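# Summary of the model geometry
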Amino acid sequence: RRYDRQAGRPRPHPVVGVERVRRQRHQLRHGDAGPADPRVLDAMLKVPRHKFVEEALAGKSYQDAPLPIGEKQTISQPYMVAVMSEALMLDGSETVLEVGTGSGYQAAVLALLADRVFSLERIPSLARRARKVLDDNGFSKVNIRLADGTVGWQDMAPFDGIIVTAGAPKVPQEYLDQLSLGGRLIIPVGDRESQVLMRITRVGEAEYKEEKMLGCRFVPLIGNQGWKQEN
């Protein structure tokens, strides 16, 4: 812990000082990156993003930029987290699947927006760290499974929302099958270098509505129904 030598009292980490929190709040509410849904705004202001990155990067954690978290993976920029979370159009009653736990940050935001959150991660070290950080910060309701995320989580389906935090070469059929009627899938689709963020809504038993949202760039979705692991 950090201490004020004169007063002998613990002092806050510089990244969570009043001024930085004020700037983040202003950016989210008034900047181009800000979510319009007040529930999404409130959730993002409540989740301490600096706890989900390495301490050496804590000072950069509230910048609107992705940051490395190890294993060639990243924590998404706040703008993208806001866009994807808002696109799910959650009211708090839903069951949501996240593909790509990563740091656990997106899962923590979803935990404040949905009733039940399930998250899949293929890298053991990231899954372990995310589990600890989520538990330490009051997000134990998030369920994490170490598995190939490209095939979804059939045992817990159907899902009212599925959010994929890695770029896919195509939309896996498993995700479409595991959506509830009216459920929404948010997924980046394209090549390894750039993608288009898609929202796909299940409007019938075998009928889906597709919407292109914006261009983006994510790490590749690795797995049986995604990209192959590069050596």
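Reading guide: rules and limits
- Residues numbered from 1 in each chain as written.
- Predicted model: local features only at pLDDT ≥ 70, side-chain atom pairs only at ≥ 80, totals over all residues.
- Heavy atoms only, no water.
- Pairing = 2+ DSSP bridges.
- Helix = DSSP H or I, 4+ residues; strand = E, 2+ residues; numbered from the N terminus.
- Axes fitted to C-alpha atoms, helices over the stretch in contact; angles between N-to-C directions.
- Contact = heavy atoms within 4.5 Å.
- Buried < 20%, exposed > 50% of the residue type's maximum accessible area, 1.4 Å probe, protein only.
- Arc of directions from axis to C-beta.
- Polar contact = N/O pair within 3.5 Å; in protein donor to acceptor, adjacent residues only side chain to side chain.
- Salt bridge = Lys/Arg side-chain N within 4 Å of Asp/Glu carboxyl O.
- Core = buried A, V, L, I, M, F, W, Y, C linked by side-chain atoms within 4.5 Å.
- Right-handed = clockwise from strand over helix to strand, strands pointing away.
- pLDDT = per-residue confidence, 0-100.

Attention shifts here to the sheet that holds strand E8 (residues 159-164). Spatial strand order, E7-E6-E5-E8-E9-E10-E11: 7 strands in an open sheet with mixed pairing. The open sheet terminates on both sides in strands that have one partner only, identified here as strand E7 (142-146) and strand E11 (207-216). Within this sheet the neighbouring strands show an average axis-to-axis angle of 15 degrees, counted without direction. With 4 bridges connecting them, E8 and strand E9 (residues 179-190) associate as parallel partners. By the bridge assignment for E9, Gly-161 is matched with Arg-184. Of the strands in this sheet, E8, E9, strand E10 (195-204) and E11 touch helix H3 (residues 78-87), which is tilted by about 165 degrees from E11.

In this section: helix H2 (residues 38-46). Residues Val-40, Leu-41, Ala-43 and Met-44 constitute the buried set of H2. For H2, the angular spread of buried residues about the axis comes to 165 degrees, placing them on one side. Exposed side of H2, more than 90 degrees from the buried face: Pro-38 and Lys-46 are the residues found there. Where H2 begins, the side chain of Asp-37 points an oxygen toward the backbone nitrogen of Arg-39, at a separation of 2.8 Å.

A few words now on the pattern of salt bridges. Under the criterion given, the structure shown has 7 salt bridges. Between Asp-136 and Lys-132 there is a salt bridge, with the nearest N and O atoms lying 2.7 Å from each other. Residue Asp-136 and its partner Lys-132 are both found in helix H5 (residues 124-136); the two are separated by 4 residues, about one turn of the helix. Lys-132 carries the same exposure label as Asp-136, and that label is exposed. For Glu-193, the salt bridge goes to Arg-217, with nearest N and O atoms at 2.9 Å. Placement of the pair is Glu-193 in the loop between E9 and E10 and Arg-217 in the segment after E11, with a sequence separation of 24 residues.

Nonpolar side chains in soluble globular proteins tend to be buried together. Counting 40 residues, the largest nonpolar core has Phe-52, Tyr-105, Val-109 and Leu-197 as its most contacted members. Sorting the residues of this core by element identifies H2, strand E3 (67-70), H3, helix H4 (105-111), H5 and E11 as the ones contributing at least two each. Not counting chain neighbours up to four residues away, the residues in contact with Val-109 comprise Ala-43, Met-44, Val-47, Val-81 and Ser-85. Core analysis: the second largest hydrophobic core is formed by 20 residues, Leu-97, Phe-118, Val-189 and Met-198 among them.

Turning our attention to the pairing of E11. Here E10 runs beside E11; their pairing, made up of 9 bridges, is antiparallel. Note on E11: the bridge partner recorded for Thr-201 is Lys-209. What sits between E10 and E11 in their antiparallel hairpin is a turn of 2 residues.

Burial within strand E6 (residues 116-121) is extensive, with 5 of its 6 residues counted as buried. Crossover connection from strand E5 (residues 95-99) via H4 to parallel E6: handedness right-handed. Taken together, the 5 bridges between E6 and E7 define a ladder with parallel strand orientation. In the sheet register, Leu-120 faces E7, and the bridge partner there is Arg-145. Where the polypeptide runs from E6 across H5 and back to E7, its parallel neighbour, the crossover connection is right-handed.

Predicted confidence across the protein gives a mean pLDDT of 87, with 84% of residues reaching 70 or more. Counting contacts from residues 1-19, a segment whose pLDDT is below 50, to residues more than four positions away or on other chains yields 24 contacts.

Moving on, we get to the side chain of Ser-85. Relative to the elements of secondary structure, Ser-85 occurs in helix H3. For Ser-85, a relative accessible area of 1% puts it in the buried group. At 2.7 Å, the side chain of Ser-85 and the backbone oxygen of Val-81 are in polar contact.

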